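Report on the structure
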Amino acid sequence: MGKPACSKSPGQREHPCFFLQALFLQALFLLLFCRHASSQCKILRCNSEYVAATLNLRGADRSAGYCDALRSYSRCTRRTARTCRGDLAYHSAVHGIEDLMIHNNCSKEGPTSPPRPRPPPNHQGLEPLAMCDYEKSFVYKHGQVPSYQHCAAFGDPHIRTFHDDFHTCRVEGSWPLLDNEYLFVQATSSPVAKGSNATVTSKLTIIFKNMKECIDQKVYQAEIDNLPAAFEDGSVNGGERPGGSSLAIRERSAGRHVEIRAEYIGTTIAVRQAGRQLSFSIRAAEEVARAFTEEQDLQLCVTGCPRSQRISRSEGCRGPVAAEVARALCKEMLPVEDVYFQSCVFDVVTSGDANFTMAAHGALEDARVFLPNAEKLHIFQAGAGCPRVSSSSFLLLILTSGLWVALLHF
């Protein structure tokens, strides 16, 4: 038989491969404290489990112990391969494992190290229920309140992103507003009228994902004329877990306005119905809003609607209601001529439905409550609204606007 790759020579004080292992362990310690690893890549956990498994190996069986630990290490890296592409710590670990398995004469198949027992939970002084209070937990850890972001979808639909971009979209069918580690929100849109490019949100699906001791997974669905004040399973909170009360739903206005508070992730959601459309508004902790992977790149609240799905509000102002009549209706609810006002005018012109004034007004009121910075409440986009008509045409419209208003409110 051949001599093992890591045999002990006479007079040697230690195996040569143990020097290699020691060197590898030193490299691992550096990688454990490296801050460049992706937040989604779990290689640091694999590294720490290998270090823990080999730290106290002693005696004649330590070679077998190293092989068990290396096979476990290799299995762990394979499980996290997809999320670790391009990660330096990951690729260093993979090459290091291959070298050590050769030097230790380890087979790829065989027993693995038993999993480490989980230590008892240590929440560094936090009371158990405080773990399900995001803001309190954040203040405890960081010494300051968290930052928040706001997104809304209403009317045609119009999208206000977390970054205060504002788009009018023709998105038809189902599109994700949010898709991250904690939340999934999908809006289903349909044409506002037969043959129209404009669409409205007709259904909303919101999934609050299962989270440790805080909540069971909960699903909320709203459709036009069906705005329930409960989750799909009939419950009004996060379930039987200790932090179940950190997710709660309540009706603000019967059949018109529902609010969902998810304190465990620092998030509040408002769902409204105005006329024949649904609207969605959210205030989310910045850390929560950013908790997504590269694969979850299609989120209207993050990137807005795709360029191919955007509509120019200034070019689409043709419909059953004249623009100046729509402006008069919207001015009653929205005195500031910002994007909410422009969206209101666009929606009333293209749909002929005065209820869209309520949709824009509700979205503005949600923004007033949810936005962390009141100075960002109004967004102005020059030339993005329906163009004004000439003064002579406007005088004629004034004579007929009273009739339009009466008919639209009838």
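Residues numbered from 1 in each chain as written. Predicted model: local features only at pLDDT ≥ 70, side-chain atom pairs only at ≥ 80, totals over all residues. Heavy atoms only, no water.

Quick look at the sheet that holds strand E9 (residues 257-262)
Convention followed: At least two bridges found by DSSP between two strands is the condition for calling them paired. Helix numbers and strand numbers start at the N terminus; a helix is a DSSP run of H or I with at least 4 residues, a strand a run of E with at least 2. Helix axes use the C-alpha atoms of the stretch in contact, all axes being lines fitted to C-alpha atoms, and the angles between their N-to-C directions lie in the range 0 to 180 degrees. Contacts: residue pairs with any heavy atoms within 4.5 Å of one another.
The seven strands are arranged E3-E2-E1-E11-E10-E9-E8 in an open sheet whose pairing can be described as antiparallel. With partners counted over all chains shown, the strands left at the sheet margins are strand E3 (166-168) and strand E8 (247-253), one partner each. With direction set aside, neighbouring strand axes in the sheet form an average angle of 10 degrees. Across six bridges, E8 lies against E9 in antiparallel orientation. Across the sheet, Ile-249 pairs through a bridge with Ile-260, a residue of E9. Across the face of the sheet, helix H9 (residues 339-351) comes into contact with strand E1 (148-154), strand E2 (158-160) and E3 while running at roughly 165 degrees to E2. Relative to the sheet, helix H10 (residues 356-370) contacts E1, strand E10 (267-274) and strand E11 (277-285), its axis offset from that of E10 by approximately 165 degrees.

With respect to the packing of helix H8 (residues 323-333) against H9
Short version of the rule: Angle categories are assigned with fixed cut-offs, so that under 35 degrees is roughly parallel, over 145 is roughly antiparallel, 65 to 115 is roughly perpendicular, and the rest are oblique. Left-handed describes a crossing whose near helix is turned anticlockwise from the far helix through less than a right angle; right-handed describes the clockwise counterpart.
At a minimum axis separation of 8 Å, H8 and H9 run at an interaxial angle of 130 degrees. Overall, the two elements H8 and H9 adopt an arrangement that is oblique. Note on packing geometry: the crossing formed by H8 with H9 is right-handed. Where H8 approaches H9, its residues Ala-323, Ala-326, Arg-327, Leu-329, Cys-330 and Lys-331 are matched on the opposing element by Phe-341, Cys-344, Val-345, Val-348 and Val-349.

Considering helix H5 (residues 134-142)
Residues separated by three or four positions in an α-helix point in the same direction, a consequence of the helix having 3.6 residues per turn. We count it as follows: Between buried and exposed lies partly exposed: a residue is buried under 20% and exposed over 50% of the maximum accessible area for its type, with that area taken using a 1.4 Å probe on protein chains only. Within this analysis, the arc is defined by the directions that extend from the helix axis to the C-beta atoms.
Turning to H5, its buried residues are Tyr-134, Ser-137 and Phe-138. Angular distribution of buried residues about the axis of H5 spans 100 degrees; they occupy a single face of the element. Residues of H5 that are buried sit in contact with E11 and helix H6 (286-289).

Structural notes on the confidence of the model for the protein
Our working rule: pLDDT is defined as a per-residue confidence score from the predictor, taking values between 0 and 100.
Overall, the prediction assigns the protein a mean pLDDT of 81, with 77% of residues at 70 or greater. Within the protein, no element has a lower average pLDDT than helix H11 (residues 391-409), which sits at 43, and none a higher one than E9, at 98. Here residues 32-38 scores under 50 on pLDDT; set against residues more than four positions off or in separate chains, the count is nine contacts. This model gives residues 390-410 a pLDDT under 50, and the stretch forms 16 contacts once residues within four places in sequence are excluded.

A closer look at the pairing of E9
Of all six residues making up E9, five are buried, and the element is well covered by its neighbours. Two strands pair when backbone bridges link them, and E9 and E10 are joined in this way by six bridges, in the antiparallel orientation. In the strand pairing of E10, Glu-259 is matched with Ala-270. Between E9 and E10, which pair antiparallel in sequence order, lie four residues; one of them, Gly-266, sits at a positive phi of approximately 60 degrees.

With respect to the sheet that holds strand E5 (residues 183-191)
A sheet is described by the order of its strands in space; here four strands give the open sequence E4-E5-E6-E7, paired in antiparallel fashion. At either end of the open sheet lies a strand with only one pairing partner, and these are strand E4 (173-179) and strand E7 (218-223). Each neighbouring strand pair of the sheet contributes to a mean axis angle of 20 degrees, computed without reference to strand direction. In the sheet, E5 pairs with strand E6 (residues 199-208) via nine bridges, with the strands oriented antiparallel. The residue bridging Thr-188 from the neighbouring strand is Lys-203, located in E6.

A word on the pairing of E1
Of all seven residues in E1, seven are buried, a share of seventy percent or more. Here E1 shows two buried faces, one formed by Tyr-148, His-150, Ala-152 and Phe-154 and the other by Gln-149, Cys-151 and Ala-153. Bridge count between E1 and E11: six bridges; the pairing is antiparallel. Residue pairing in the sheet places Ala-153 in a bridge with Phe-280 of E11. Across three bridges, E1 lies against E2 in antiparallel orientation. Note on E2: the bridge partner recorded for Phe-154 is His-158. Counting the residues in the hairpin turn of E1 and E2 gives three residues, including Gly-155, whose phi is positive at 65 degrees.

A word on the packing of aromatic side chains
The cut-off we apply is this: Think of it this way: a Phe, Tyr or Trp ring, Trp meaning its six-membered ring, pairs with another when their centres are within 6.5 Å, and the plane angle makes it stacked under 30 degrees, edge-to-face over 60, tilted otherwise.
This structure, assessed with the given rule, holds six aromatic pairs. Ring centres of Tyr-50 and Tyr-73 lie 4.7 Å apart, and the angle between their planes is 20 degrees; on these two criteria the pair is classed as stacked. One end of the pair, Tyr-50, is in helix H2 (residues 43-54); the other, Tyr-73, is in helix H3 (residues 62-79), and 23 residues separate them in sequence. For the pair formed by Tyr-50 and Tyr-73, the shared burial category is buried.

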